[in-house]
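Structural description and commentary
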Amino acid sequence: DAGVTQSPTHLIKTRGQQVTLRCSPKSGHDTVSWYQQALGQGPQFIFQYYEEEERQRGNFPDRFSGHQFPNYSSELNVNALLLGDSALYLCASSYYRDLSTDTQYFGPGTRLTVL
Amino acid sequence: AQSVTQLDSQVPVFEEAPVELRCNYSSSVSVYLFWYVQYPNQGLQLLLKYLSGSTLVKGINGFEAEFNKSQTSFHLRKPSVHISDTAEYFCAVSGSANSGGYQKVTFGTGTKLQVIP
């Protein structure tokens, strides 16, 4: 049973560019959440997708957008990259129930470096 | 609003010694509490969670945590650590949910546990 997978593992971009990160949830899961983990910090919630719609959003600008596909996989897009966007981006999957009580399974993350 | 404070950024401890990683939270509502572990170059793995009931929660790898509502704490403990426990540990909190919908999970800044041979 494959867990949460993310691609690519590492990515280097320059300021102003756009990036797309991908996530495949654990088998049977229907909800994907994205987190940004800056160096030395805990993960910060970006947004959550269920039934191909953004359900909740954290304090991130509109430059951060996402998508969920019918097979529950998801993409995170970041436009107009800033140096401060450099971070580990984590994807977590779960069932769409009360996500406070359900276990979120995290992927290994994508390390984004913006130069 | 909710927040999590992990006062210790790094905790060195000798192998087979006990360890306690501290976590304090603040929230205006009832909370759910979590501890996650992150090994180098990996994602987060859930160690244990407190939802309700017994305030002593047992998790994987011999870890346990105690919910103390009066002190708003959820400290993580292990009686005897191993080299393999070297990792970063994150405490997290979410508000107890109404029916349906996502309750935002707020993470602390993490504590790096360094087990010394």
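Residues numbered from 1 in each chain as written. Chains lettered and ligands numbered in written order. Predicted model: local features only at pLDDT ≥ 70, side-chain atom pairs only at ≥ 80, totals over all residues. Heavy atoms only, no water.

1. Brief notes about the overall build of chain A
Going by this rule: Helix and strand labels come from DSSP, where a helix needs a run of H or I of at least four residues and a strand needs a run of E of at least two; each type is numbered from the N terminus. In this setup the radius of gyration rests on C-alpha atoms only. A globule is expected at 2.2 Å times the number of residues raised to 0.38. Accessibility here uses a 1.4 Å probe with only protein chains present; expressed as a share of the type maximum, an area under 20% marks a residue as buried, one over 50% as exposed, and anything in between as partly exposed.
A count of helices and strands for chain A gives 0 helices and 11 strands. Going residue by residue from the N terminus, the α and β elements of chain A occur as β-β-β-β-β-β-β-β-β-β-β. Relative to the 2.2 N^0.38 estimate, which gives 13 Å for 115 residues, the radius of gyration of chain A is 13 Å and therefore close to what a compact globule would have. By principal-axis analysis of the C-alpha atoms, chain A measures approximately 40 × 25 × 25 Å. The buried share of chain A, taken over its 115 residues, is 51%.

2. Section: the sheet that holds strand β8 (residues 74-78) of chain A
Strand pairing in a sheet is mediated by backbone hydrogen bonds. Such pairs are either parallel or antiparallel. All names here are of chain A. Spelled out, the test is: Strands are treated as partners if at least two bridges between them are detected by DSSP. Throughout, an axis means a line fitted to C-alpha atoms (over the contacting stretch in the case of helices), and angles, computed between N-to-C directions, take values from 0 to 180 degrees.
The antiparallel open sheet is built from 4 strands, whose spatial order is β1-β3-β8-β7. A strand with exactly one partner marks an edge of an open sheet, and here the two such strands are β1 (5-7) and β7 (64-68). Between one strand axis and the next, the sheet turns through 20° on average, direction left out of account. Pairing of β7 with β8, which is carried by 5 bridges, proceeds in the antiparallel orientation. Of the residues in β8, the one forming a bridge with G66 is L76.

3. Digging into the pairing of strand β5 (residues 31-38) of chain B
Residue and element names in this part refer to chain B. Here β5 lies mainly inside the structure; 8 of its 8 residues are buried. Of the two faces of β5, the one lined by V31, L33, W35 and V37 and the one lined by Y32, F34, Y36 and Q38 are each fully buried. Inspection of the sheet shows β5 paired to strand β6 (residues 44-50) by 6 bridges, in the antiparallel sense. Bridge pairing in β6 places W35 opposite L48. Here β5 folds back onto β6, and the loop between the two strands holds 5 residues, one of which, N41, carries a positive phi near 60°.

4. Quick word on the pairing of strand β1 (residues 2-5) of chain B
Residue and element names in this part refer to chain B. With burial as the criterion, only one face of β1 is covered, namely that bearing Q2 and V4; the residues S3 and T5 on the opposite face remain uncovered. Across 4 bridges, the pairing between β1 and strand β4 (residues 24-27) is antiparallel. The partner of T5 across the bridge, within β4, is N24.

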